[in-house]
Amino acid sequence: MLPYFPFGQQFNDKMGTRPLLESDRLIDVDEHYSGQIGLKRTLLTELPAYYFQTQSGYETAHWEVLALVLENLVRFAPDSFTLHQNGANWVWQNHLLNEETVFTFGDSESLPINPLDWVGRQVQEDLLLLAGNDAQLVSGQLCFANDWSLDEKLGLPFSQIHAPIVSIVEPMMRAAQMLMERLPIGRPIWRLNWSVKVSDQLDMTSRHTATIHQLLTNRLPFLPPDTIGNQLYIRVERQTLTRLPRSGAILFSIHTYQNLLANEASDPERAARMAQVFSTTPPALLAYKSMTHFMPELLAYLTRQSEIN
Ligand code: HEM
């Protein structure tokens, strides 16, 4: 089952942000770790300039992200990772991958690639960096995006990044803009986002959008309530936002989880909650999420599942 379940009593037009507590992990390592890191590294080898991009001048922030992520991994998964720090001389051991990396903290020449790109290859999360008063997207390693890409968004301020949805959830995006301007150092937050997909392909960056869309179009006639549960996937993003103390930039991390709809809906309580949220989501947002055409079948299926005891 999904470790995070973002469906309550009805659609929520608030941001859904919560404080990320000292006891909460920033980075999650789960049973898909090795497979997902392998996939990430393959994508980054095949198309490095598509999956990692940065503007110049953000080295301090990249090193801050590296330190934050490594220290968090060691704190929450000490059996899997070790970090020895002797001044600026750091030794990183990733026991899950049987790898050791020796480098000088703050010296980009001591790593084979950019520090943000390097640390992104240690975690399942996508890592994005926003900077400046208007929270511009200045750097990112983005392999498992849901329908977007760095090519489209790098260099854009927060407001323009969300241009396609601003009119649909305007108060939420106004609040989010304010949050980005005022997020204090030492008060990270997290939220969940959801979608329903026709594939469990993790890399849904924009270069795959047309293919996924075609897949959905082909499947639409074959999504009756009897089989829809085995043909759709619930995709959940756990997103965190952390203001970095030295650079003042914001780290935005995204961990993507997914599960077959039938698995989630085998729990009547979960089926009922998904039905309640989907049936109260604004039609324009359902259209944006490409859910409009299978909504009647989806709701019929979830209602039936919620009644099974
Ligand atoms: C509190 C913070 C945030 C809120 C409330 C928020 C909210 C949303 C919502 C409601 C959507 C519509 C899609 C959906 O619901 O699945 C969306 C899409 C998106 N968000 Fe955010 N978001 C936040 C932070 C960020 C940040 C920091 C980035 C940085 C890159 C980002 C990048 C995107 C992108 C690229 C899309 C897709 C836009 C498109 O279709 O072109 N979001 N966001």
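Residues numbered from 1 in each chain as written. Predicted model: local features only at pLDDT ≥ 70, side-chain atom pairs only at ≥ 80, totals over all residues. Heavy atoms only, no water.

**Student:** Quick rundown of the site of the ligand? Include the residues and the values.
**Tutor:** Taken together, 22 residues form the shell around the ligand, and within it Trp 148, Lys 153, His 162, Tyr 288 and Lys 289 come nearest. Between a nitrogen atom of the ligand and a side-chain N or O atom of His 162, the distance comes to 2.8 Å. Contacts to the ligand include Tyr 288, whose side-chain N or O atom sits 2.3 Å from an oxygen atom. For the shell around the ligand, the secondary structure elements donating two or more residues are α6 (158-161), α7 (163-166), α8 (170-182) and β8 (189-197). A per-element tally of the shell around the ligand places α8 first, with five residues. Taken together, the residues of the shell around the ligand break down into 16 nonpolar, three polar and three charged. (Near = heavy atom within 4 Å. Polar contact = N/O pair within 3.5 Å; in protein donor to acceptor, adjacent residues only side chain to side chain. Helix = DSSP H or I, 4+ residues; strand = E, 2+ residues; numbered from the N terminus. Nonpolar A, V, L, I, M, F, W, Y, C, P; charged D, E, K, R; others polar.)

**Student:** Mind laying out the coordination of the iron atom of the ligand, listing which residues take part and the relevant values?
**Tutor:** Coordination of the iron atom of the ligand by the protein comes from a single atom, His 162 (NE2), at 2.0 Å. Position of His 162 relative to the elements: it lies in the loop between α6 and α7. (Donors = N, O, S within 2.8 Å, 3.2 Å for Na, K, Ca; no water.)

**Student:** I'd like a rundown of the environment of Leu 137, residues and numbers included.
**Tutor:** Looking at the element boundaries, Leu 137 is found in strand β7 (residues 136-141). Overall, Leu 137 belongs to the buried group, its relative accessible area being 2%. Sequence-distant contacts of Leu 137, that is, excluding residues within four places in its chain, are made with Leu 128, Leu 129, Leu 130, Trp 148, Leu 150, Lys 153, Leu 154, Gly 155, Leu 156 and Ile 161. (Buried < 20%, exposed > 50% of the residue type's maximum accessible area, 1.4 Å probe, protein only. Contact = heavy atoms within 4.5 Å.)

**Student:** If you had to explain helix α13 (residues 295-306) to someone new, which residues and values would you point to?
**Tutor:** If you check α13, its first and last C-alpha atoms are 16 Å apart, about what twelve residues at 1.5 Å a residue would give, namely 16 Å. Along its buried surface, α13 packs onto α10 (261-265), α11 (268-280) and α12 (283-288). (Expected span 1.5 Å × (residues − 1).)

**Student:** Lay out the sheet that holds strand β6 (residues 126-131) in plain terms, naming residues and giving numbers.
**Tutor:** Across the sheet, which stays open at both edges, the seven strands sit in the order β1-β8-β9-β10-β6-β7-β2 with antiparallel pairing between neighbours. Both edges of this open sheet fall to β1 (18-19) and β2 (52-54), since each of them pairs with a single strand only. Across two bridges, β1 lies against β8 in antiparallel orientation. From the neighbouring strand, Pro 19 faces β8, where its bridge partner is Ile 189. On top of the sheet, helix α3 (residues 59-76) reaches β2, β6, β7, β9 (233-243) and β10 (250-260); it is set at about 140° to β6, its chief contact. (Pairing = 2+ DSSP bridges. Axes fitted to C-alpha atoms, helices over the stretch in contact; angles between N-to-C directions.)

**Student:** Break down the environment of Ala 275 for me, with residues and values.
**Tutor:** If you trace the backbone, Ala 275 turns up in helix α11. Between the C-alpha atom of Ala 275 and that of Met 295, which follows or precedes it by 20 residues, the distance is 9.9 Å. Those residues within four positions of Ala 275 in sequence are excluded, and the remaining contacts are Leu 299 and Leu 302.

**Student:** Now, about the sheet that holds strand β5 (residues 99-104): what can you tell me, with residues and values included?
**Tutor:** Across the sheet, which stays open at both edges, the three strands sit in the order β3-β4-β5 with antiparallel pairing between neighbours. A single partner strand is all that each edge strand has here, and the edge strands are β3 (81-86) and β5. For this sheet, the mean inter-axis angle between neighbouring strands, taken without regard to orientation, is 10°. Across six bridges, the pairing between strand β4 (residues 89-94) and β5 is antiparallel.

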